[in-house]
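Chain and residue survey
Here are the chains, one letter per residue:
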There are 2 protein chains.
Amino acid sequence: MVASKQYPKKYGEGFSEWFDWIISEAEIYDYGRYPVKGVGIWLPYGFQIRKRVIEIIRSLLDEKGHEEILLPLLIPETLFRKESEHVRGFEGEVFWITKSGLEDIDVKLALRPTSETAISYMESLWIKSYRQLPKKYYQIVSVFRCETKMTKPMVRVREITTFKEAHTVHEDFEDSERQIAEAIEIYKKFFDLLGIPYIISRRPQWDKFAGALYTIAFDTIFPDKKAVQIGTVHNLGQTFTRVFDVKIQKRDETIDYAWQTSYGISERVIASVIAFHSDDKGLILPPNIAPYQVVIVPIYQQESKEKIIEYCRKIAEMLRESGIRVYEDYRDNLRPVDKFFEWELKGVPIRIEIGLRELSNNVVTIFRRDTMKRDVVAINQLTEKIRVLLNEIFENLSNRAWKELLSNVKLFNNFDEAVNFVKEGGGVAILPWCGNEKCVYSKLEGLEGISALGEVYKDSLNMLKINEKANEYRSCAFCDRQTRAFISIAKKY
Amino acid sequence: MVASKQYPKKYGEGFSEWFDWIISEAEIYDYGRYPVKGVGIWLPYGFQIRKRVIEIIRSLLDEKGHEEILLPLLIPETLFRKESEHVRGFEGEVFWITKSGLEDIDVKLALRPTSETAISYMESLWIKSYRQLPKKYYQIVSVFRCETKMTKPMVRVREITTFKEAHTVHEDFEDSERQIAEAIEIYKKFFDLLGIPYIISRRPQWDKFAGALYTIAFDTIFPDKKAVQIGTVHNLGQTFTRVFDVKIQKRDETIDYAWQTSYGISERVIASVIAFHSDDKGLILPPNIAPYQVVIVPIYQQESKEKIIEYCRKIAEMLRESGIRVYEDYRDNLRPVDKFFEWELKGVPIRIEIGLRELSNNVVTIFRRDTMKRDVVAINQLTEKIRVLLNEIFENLSNRAWKELLSNVKLFNNFDEAVNFVKEGGGVAILPWCGNEKCVYSKLEGLEGISALGEVYKDSLNMLKINEKANEYRSCAFCDRQTRAFISIAKKY
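**What about the overall build of chain A?**
For chain A, the helix and strand inventory stands at 15 helices and 25 strands. For chain A, whose C-alpha radius of gyration is 25 Å, the value lies close to the compact-globule estimate of 23 Å for 493 residues. For chain A, the spread of C-alpha atoms along the principal axes amounts to about 80 × 60 × 50 Å. Here chain A holds 493 residues, and 47% of them are scored as buried.

If you want it as structure tokens, here you go:
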């Protein structure tokens, strides 16, 4: 953690290098040194960020009646292979246990790539009647996917350590659709609370979750202008309940297979926090997930040391009493400027600097990480000022992030122009569309590296200010038929 | 969850059957139905108990400067095999991944049975100087051990889902010894906060952790009078730092291998909570880990329903405002007596019953789960009464548990009498001892099923009121030499 003038730049070509640098230097995630490909270590500072992100999603789910459980990691091959479409989707990426101790084992065990099969098996034992429904379970666990593409820390890993998977059960299709809407609202709130901007799309059939009726996805755009899937919501229909025999007695006393949905997020959410809320100097953490919201750095000569530290402690105590998370940096072997550098890198939202001048005037100097601006505040107004500032910083981060996303989304009438925009690293192109997936598939087939994110969701059309332009875009950019919707294309992680 | 008069009895022969029954009926842990041997599912109610137990140990560790991290689950064979004694201790129980997708993989991957090898490898990259020390890490994760003995829910499982493993690094032996003392204090506090009684022993060399200098263990005694290891603390010396090359610059500028300790607990802690804090009617949860501390059950006829529920809601609100966790049971399809039965089984510490009589007198009836006694309390005294009662219930549970443990520990001068006591299901026998392990080993060798827990720790001798008798026990029960210590023997899980 030594000051260096040559650190990588976030925007442009260097994003990937910058990302590796920041997660290492800010002591978030140790990646690429442990001798297994595609796995990383959450370091103490990163772990605290992760923990707060988890607490946010947990409280949003609990609020809506989800119940947290913990399913086994191991899925026997017999269970895993029951649903054929699901198997085809995952079997290329599954880690298999074939030995225990020195012995071979009878039935191979998969490390869960996701838990639809495990929970459906249990649901056939747990759920018998519509009276128990809707039932909403979730767990937050590691899942394993032996990615064959190039691995990337937090974004494409083989051990996904922060996989929140929700699994719900319903009496009928209508109720599963209501659940899909609820899940989308929960994820919107979640990303909003982290200031992460997103585009919601309905994935094309060829890109849906293996076994689902359809998949709704949340994507965001990274500084390298590629789209990243950060959350998915699946209507599973009766796919798994049929093969696992999850039958219920319905309100009308008939017996039928139940309906399911599932929805997941991963540490890509944390990667997105880093990608958006940061600059060339390092992180800028949203105050609600910052391990420390305020760091206090004393500035003293040997003779003033004692009374300045005493003053710092008093201020720290005062802030803590109103629930603000404070770190007091009294390390002796570092100059104040080195501490400034370190805490700017680690993204602490507010720094308080206290020297003799502050002490004698009953004030402190505060420094906002997002604007890099200083201000002087009287002690008796400090707590209130910090509260206001933490909110302002969050608003500012969130607004900046949305602005950045919007600047990377462009509406096109012409397919070739859209493709050029994406190819040249422009971001996400949105096109008027007749609604026929074949139309899109045939045009994209030959274009290596460009994918359809899918039909842009109504909400997102509003947020992207596209709905208002709908009248100007009357014909499908693929086939000239009448426009029914908008579809987006992008380079995708 | 139907009332049945034939449920199994906790004490005597039936403990194991009783334990299976209670974890299933109280909806804590679904075991034996998922098609992989030795793994279980934490159900919503059990998960909430587990979560609170985890929060307690987390806050005790954080308070003492431990930092939470998350290491990879997968350990490559090359890393795992580096320390030979460690390998011998674990290799019979390791699950191995040999395939990913349809391909064989080059270097087999172990599911961690514990993380000494993984973290020592990383510490060789992280730690360079005594200035960084002591360093205290921990993680709370699943570990995997393919147990060959009969598996038992929470007690001997193949996926240990709630493994808290701490790993510390020190400049020298003295500091590692200070850490061992700190770890023991943390675990004592932890078990005290759960009202779980324990005996602390230094394990014999033949039963220490594979790779450690020595192991200190916490044992408790289950209703079947068998000893159960519920926590261990290991001084690892320089065993792992040598093979993983964790070298540090010391205060005197020399370079040397660092010293390590590690200490762990598992869901056996939760099994112990269940084993002690329960009776033939079900659980009695310590209030600090109870998902609900108070359940409110309304008793009404159709015509009084509305106003009674309104009264219940007001009371629930009042209790919640002072931080008490309340569940309001307004289910229409159950009689009050069925609700009583269910919440008694699930161990909610206090029940509030509210009918017309309570409503018209501005009182409620409260029922204590531990004593099964009712009392009538005026509304304006209720919050305070509940607070006091929750403390009293905890004290009562803790006292009962210690009394039970003490009743199952007996001091013997004569080895054969001690063995008979243990054989006949008496519990833990304590014997005066010369301190020579060979003495004990040779006597126990032929005795199938009886183990030495080890030298009883000073603290425990006091708690077991044995120190005061030390003068009467002057000669070793194994060899007639002079007594230096006390050793315990028992049937062990």
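Once the structure has been displayed, the description carries forward.
**A short note on the relation of the copies chain B and chain A**
Mapping chain B onto chain A calls for a screw motion: a turn of 180° about the axis and a shift of 0.0 Å along it, with 0.0 Å RMSD after fitting. Taken together, the rotation angle and the small translation identify this as a two-fold axis. Residue B:Ile97, judged by its C-alpha, is the member of chain B lying nearest the rotation axis, at 2.1 Å. Take the interface residues of chain B: 100% of them recur as interface residues in chain A, which is what a same-surface contact looks like.

**What to know about the confidence of the model for chain A**
With 99% of its residues at a pLDDT of 70 or more, chain A shows a mean pLDDT of 95. Here the complex is predicted with pTM 0.97, and the ipTM for its interfaces comes to 0.96.

**Thoughts on the sheet that holds strand S23 (residues 428–433) of chain A**
Residues and elements named next belong to chain A. If you trace the 11 strands from one edge of the open sheet to the other, you get S3-S7-S8-S14-S11-S10-S9-S24-S25-S23-S22, paired in mixed fashion. The strands lining the two open edges of the sheet, one partner per strand, are strand S3 (67–68) and strand S22 (409–411). Judged from the two bridges that link them, strand S9 (residues 199–202) and strand S24 (residues 451–456) form a sheet pairing that is antiparallel. The residue of S24 that forms the bridge with arginine 202 is glutamate 455. Lying on the sheet, helix H2 (residues 44–63) is in contact with strand S7 (135–144), strand S8 (159–170) and strand S14 (259–265); it crosses S8 at an angle near 0°.

**Focus on the packing of H2(A) against helix H6 (residues 173–193) of chain A**
Residue and element names in this part refer to chain A. Look at H2 against H6: their axes get within 10 Å of each other, and the N-to-C directions meet at 150°. With respect to H6, the element H2 is oriented roughly antiparallel. Our pair here, H2 against H6, has a crossing hand that is right-handed. Residues Ile56, Ile57, Leu60 and Leu61 of H2 touch H6, and the partners they reach there are Ile186, Lys189, Phe190 and Leu193.

About the criteria used
Residues numbered from 1 in each chain as written. Chains lettered and ligands numbered in written order. Predicted model: local features only at pLDDT ≥ 70, side-chain atom pairs only at ≥ 80, totals over all residues. Helix = DSSP H or I, 4+ residues; strand = E, 2+ residues; numbered from the N terminus. Rg over C-alpha atoms; globule rule 2.2 N^0.38 Å. Buried ≥ 20, exposed ≤ 12 C-beta atoms within 10 Å, placed from the backbone. Least-squares fit on C-alpha atoms with pLDDT ≥ 70 in both. Contact = placed C-beta atoms within 7 Å. pLDDT = per-residue confidence, 0-100. Pairing = 2+ DSSP bridges. Axes fitted to C-alpha atoms, helices over the stretch in contact; angles between N-to-C directions. Parallel < 35°, antiparallel > 145°, perpendicular 65-115°, else oblique. Left-handed = near helix turned anticlockwise from the far one by under 90°.

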